[in-house]
Amino acid sequence: MTVSREEISSILDGILLLPVKLYSLKVNQRPNHSLIEIVLDNLEHTYGSVSLLECEQVSRKLKEELERISPDLDYTLKVSSAGAERKLDLPEDLDRFRGIPVRLIFLSGESENPQEGIFRIMDREGDQVILEKFQKGKKSAGKKQTTLNLKDILKGNLYVSI
């Protein structure tokens, strides 16, 4: 017996309480076994990190519900946080993570190859993103700002400077 992504998603809708929300869900079906991978996001945390306790609570509640609806289901369940270097959901996360360092891969008129850089998101005006080059340990005063078109940003991740 297996379980579908839609069934898991429906169960999670009843389990998850804001500020915790679903970041991603994967259900891989194998003969007589399901691998369920759930990644959570916390809308109130600076980096969107979810605590271990929150992951455990979601895992426990989901297991209880799966046992109730399908006691013969053979599955492996992984519940985790999106993490501090998570992939950005563009363009929405550009507003959410304003002021936080991000690693962006983007197209630039200076080169036909994609460029990569670490920036702080300063602002977004329509289809334009105002960025400031990030340098570890340096204050914002006097840093060079640059503007990118949203369509030129290929992908991005949060960047944690240690």
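Summary of the structure given here. Since we're looking at a predicted model, the values are computed, not measured.

Focus on the nonpolar core
Here is step 1 of the chain: Of all hydrophobic cores here, the largest spans 21 residues; its most connected members are Ile8, Leu12, Ile36, Ile38, Leu40, Leu62 and Leu66.
Here is step 2 of the chain: At the level of secondary structure, the elements contributing two or more residues to this core comprise helix H1 (5-15), strand E1 (20-30), strand E2 (33-42), helix H2 (52-69) and strand E3 (75-81).
Here is step 3 of the chain: In contact with isoleucine 8, other than residues within four places in its own chain, are Val3, Leu25, Val27, Ile36, Ile38, Leu62 and Leu66.
Here is step 4 of the chain: One finds Leu88, Ile100, Phe106 and Val129 within the second-largest nonpolar core, a separate group that totals 15 residues.

Some remarks on unusual backbone geometry
Here is step 1 of the chain: A cis geometry characterises the amide bond from leucine 18 onward to proline 19, with omega recorded as 20°.
Here is step 2 of the chain: Topologically, proline 19 is positioned in the loop between H1 and E1.
Here is step 3 of the chain: A positive phi angle is found at asparagine 32, which is not glycine, with a value near 60°.
Here is step 4 of the chain: Mapping asparagine 32 onto the fold places it in the loop between E1 and E2.

Quick word on the packing of H1 against H2
Here is step 1 of the chain: Close contact between H1 and H2 brings their axes to 10 Å; oriented N to C, the two are set at 125°. By the angle class used here, H1 and H2 are oblique. Crossing of H1 over H2 shows right-handed handedness. In this structure, H1 uses Ile8, Ile11, Leu12 and Ile15 to contact H2, whose residues at the interface are Val58, Lys61, Leu62, Glu65, Leu66 and Ile69.
Here is step 2 of the chain: In terms of residue class, the contact of H1 with H2 is made up of 8 nonpolar, no polar and 2 charged.

Considering the sheet that holds E2
Picture the strands of a sheet paired through backbone hydrogen bonds; they go either parallel or antiparallel.
Here is step 1 of the chain: Overall, mixed pairing links the 3 strands, which are arranged E1-E2-E3 in an open sheet. Edge strands, defined here as strands with exactly one partner in the open sheet, are E1 and E3. The mean inter-strand angle of the sheet, taken between neighbouring strand axes irrespective of direction, is 15°.
Here is step 2 of the chain: By the bridge criterion, 7 bridges tie E2 to E3 in an arrangement that is parallel. Bridging from a neighbouring strand, serine 34 pairs with tyrosine 75 of E3.
Here is step 3 of the chain: Helix-sheet contacts for H1 involve E1 and E2, and the interaxial angle to E1 is about 155°.
Here is step 4 of the chain: Those strands touched by H2 are E1, E2 and E3, and its axis lies near 155° from that of E3.

Side note on the pattern of salt bridges
Here is step 1 of the chain: Across all of its chains, the model carries 8 salt bridges by this definition.
Here is step 2 of the chain: Of the charged contacts in the structure, one is a salt bridge between arginine 98 and aspartate 95, with a shortest N-O distance of 3.2 Å.
Here is step 3 of the chain: Exposure remark for aspartate 95: the relative accessible area of 33% places this residue in the partly exposed category.
Here is step 4 of the chain: With a shortest N-O distance of 3.1 Å, glutamate 116 and arginine 103 are connected by a salt bridge. Of this pair, glutamate 116 sits in strand E5 (residues 111-125) while arginine 103 sits in strand E4 (residues 101-108), and the two are 13 residues apart along the sequence.
Here is step 5 of the chain: Among the charged side chains, a network of salt bridges with common partners joins Asp95, Arg98, Asp123 and Arg124.

What counts, and where the lines are drawn
Residues numbered from 1 in each chain as written. Predicted model: local features only at pLDDT ≥ 70, side-chain atom pairs only at ≥ 80, totals over all residues. Heavy atoms only, no water. Core = buried A, V, L, I, M, F, W, Y, C linked by side-chain atoms within 4.5 Å. Buried < 20%, exposed > 50% of the residue type's maximum accessible area, 1.4 Å probe, protein only. Helix = DSSP H or I, 4+ residues; strand = E, 2+ residues; numbered from the N terminus. Contact = heavy atoms within 4.5 Å. Axes fitted to C-alpha atoms, helices over the stretch in contact; angles between N-to-C directions. Parallel < 35°, antiparallel > 145°, perpendicular 65-115°, else oblique. Left-handed = near helix turned anticlockwise from the far one by under 90°. Nonpolar A, V, L, I, M, F, W, Y, C, P; charged D, E, K, R; others polar. Pairing = 2+ DSSP bridges. Salt bridge = Lys/Arg side-chain N within 4 Å of Asp/Glu carboxyl O.

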